[in-house]
Amino acid sequence: MNKIEHIGIAVKDITAATTIYEALLKTKVYKTESVASEHVTTAFLQTGPNKIELLEATSADSAIAKFIEKKGEGIHHIAFDVIDIHAEMARLKAEGFILLNEEPKRGADNKLVCFVHPKGTNGVLIELCQSVNE
Ligand code: ZN
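Computed from a prediction, not measured in an experiment: that's the story for all the values here. Along each chain, the written sequence defines residue order, and numbers are assigned to residues from 1. Local features are withheld for residues below a pLDDT of 70 in this predicted model, meaning they are given only at 70 or higher, and side-chain atom pairs are given and counted only at 80 or more; totals for whole chains, interfaces and linings count all residues. Water and hydrogen atoms were dropped before computing side-chain values, which therefore reflect all heavy atoms in the structure.

K.L.:
Lay out the sheet that holds strand 4 (residues 50–57) with the relevant residues and their values.
P.N.:
Here, any two strands with at least 2 DSSP bridges between them count as paired. Going along the chain from the N terminus, every DSSP run of H or I of four or more residues is numbered as a helix, and every run of E of two or more is numbered as a strand. Spatial strand order, 2-3-4-1-5-8-7-6: eight strands in an open sheet with mixed pairing. Each end of this open sheet is capped by a strand with a single partner; those strands are strand 2 (31–35) and strand 6 (105–107). For this sheet, the mean inter-axis angle between neighbouring strands, taken without regard to orientation, is 35°. When strand 5 (residues 74–81) meets strand 8 (residues 125–131), the two strands line up parallel, connected through five bridges. Residue pairing across strands places Ala79 opposite Glu127, the latter belonging to strand 8. Each axis is a line fitted through C-alpha atoms, taken for helices only over the stretch in contact, and angles between the N-to-C directions span 0 to 180 degrees.

In structure tokens:
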């Protein structure tokens, strides 16, 4: 695993959150994207090498909606950049971590992603993401 790729923050209102984070980081959102499979709208900001992903649920079935219902707004996941997501998934599986998907899936920002269950990682949802060249 390489560097932290981004930190995901669950928000109720992505428009309001965008205003706050643009002011906080003194930079504009560089990309917004809906991920239909995850029922979320995302907005990315970058400051230096660091990225923040804001996530708003687009339906009550969304994991983000459930997260906010249970825990309120806040840090939802930490994403690590990986070179070979299949290899990392196999390695983590062998280490006994619980993967939330069997195969990598298409995430926001041109990534292949896989989530690791927070049960095995001290309550923190971990995302693996591999950049995909279009
Ligand atoms: Zn993410």
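There's more to say after this.
K.L.:
Report on helix 2 (residues 63–71), specifying residues and quantitative values.
P.N.:
When accessible area is computed with a 1.4 Å probe and restricted to protein chains, residues below 20% of their type maximum are described as buried, those above 50% as exposed, and intermediate ones as partly exposed. All of the buried residues along helix 2 are Ile64, Ala65, Phe67 and Ile68. Angularly, the buried residues of helix 2 cover 160° about the axis, an arc narrow enough to put them on a single face. For helix 2, exposure combined with an orientation more than 90 degrees from the buried face picks out Glu69 and Lys70. Buried residues along helix 2 sit against strand 1 (4–10), strand 3 (40–47), strand 4 and strand 5. Any N or O atom pair separated by 3.5 Å or less is treated as a polar contact, with the protein-specific requirement of one donor-capable and one acceptor-capable atom, and with residues adjacent in sequence counted only for side-chain atom pairs. For helix 2, the N-terminal cap is Ser62; the gap from its side-chain oxygen to the backbone nitrogen of Ile64 is 3.0 Å. Positive phi shows up at Gly72, right after helix 2, with a value of about 85°. Note that the arc is computed from the directions linking the helix axis to the C-beta atoms. Should any heavy atoms of two residues lie within 4.5 Å, those residues are considered in contact.

K.L.:
Describe the pattern of salt bridges, with residues and values.
P.N.:
Every case where a carboxyl oxygen of Asp or Glu lies within 4 Å of a side-chain nitrogen of Lys or Arg is listed as a salt bridge. Tallied over the full model, the rule gives nine salt bridges. When the shortest N-O distance is used, the salt bridge between Lys28 and Glu22 registers 3.8 Å. Under the relative-accessibility criterion, Lys28 is labelled exposed at 60%. For the salt bridge of Lys93 with Glu102, the shortest nitrogen-to-oxygen distance reads 3.1 Å. Residue class for Glu102 comes out exposed when judged on its relative accessible area of 58%. Connected via shared salt-bridge partners are Glu5, Lys31, Glu33, Lys51, Asp109 and Lys111.

K.L.:
Which residues make up the coordination of the zinc ion, and what are the values?
P.N.:
With distances of 2.0 to 2.1 Å, the protein atoms coordinating the zinc ion are His6 (NE2), Glu53 (OE), His77 (NE2) and Glu127 (OE). Given four donor atoms and angles of 84 to 173° at the metal, the environment of the zinc ion is assigned as irregular. For Glu53, a relative accessible area of 5% corresponds to the buried category. By relative accessible area, which is 2% here, His77 ends up buried. Note that water is not among the atoms considered, so a metal site may appear incomplete; the donors listed are N, O and S atoms within 2.8 Å of the metal, with 3.2 Å applied to Na, K and Ca. Irregular is the default label, applied whenever a site is not tetrahedral (four donors, all angles between 85 and 135 degrees) and neither square planar nor octahedral (four or six donors, opposite donors over 155 degrees apart, all other angles between 65 and 115).

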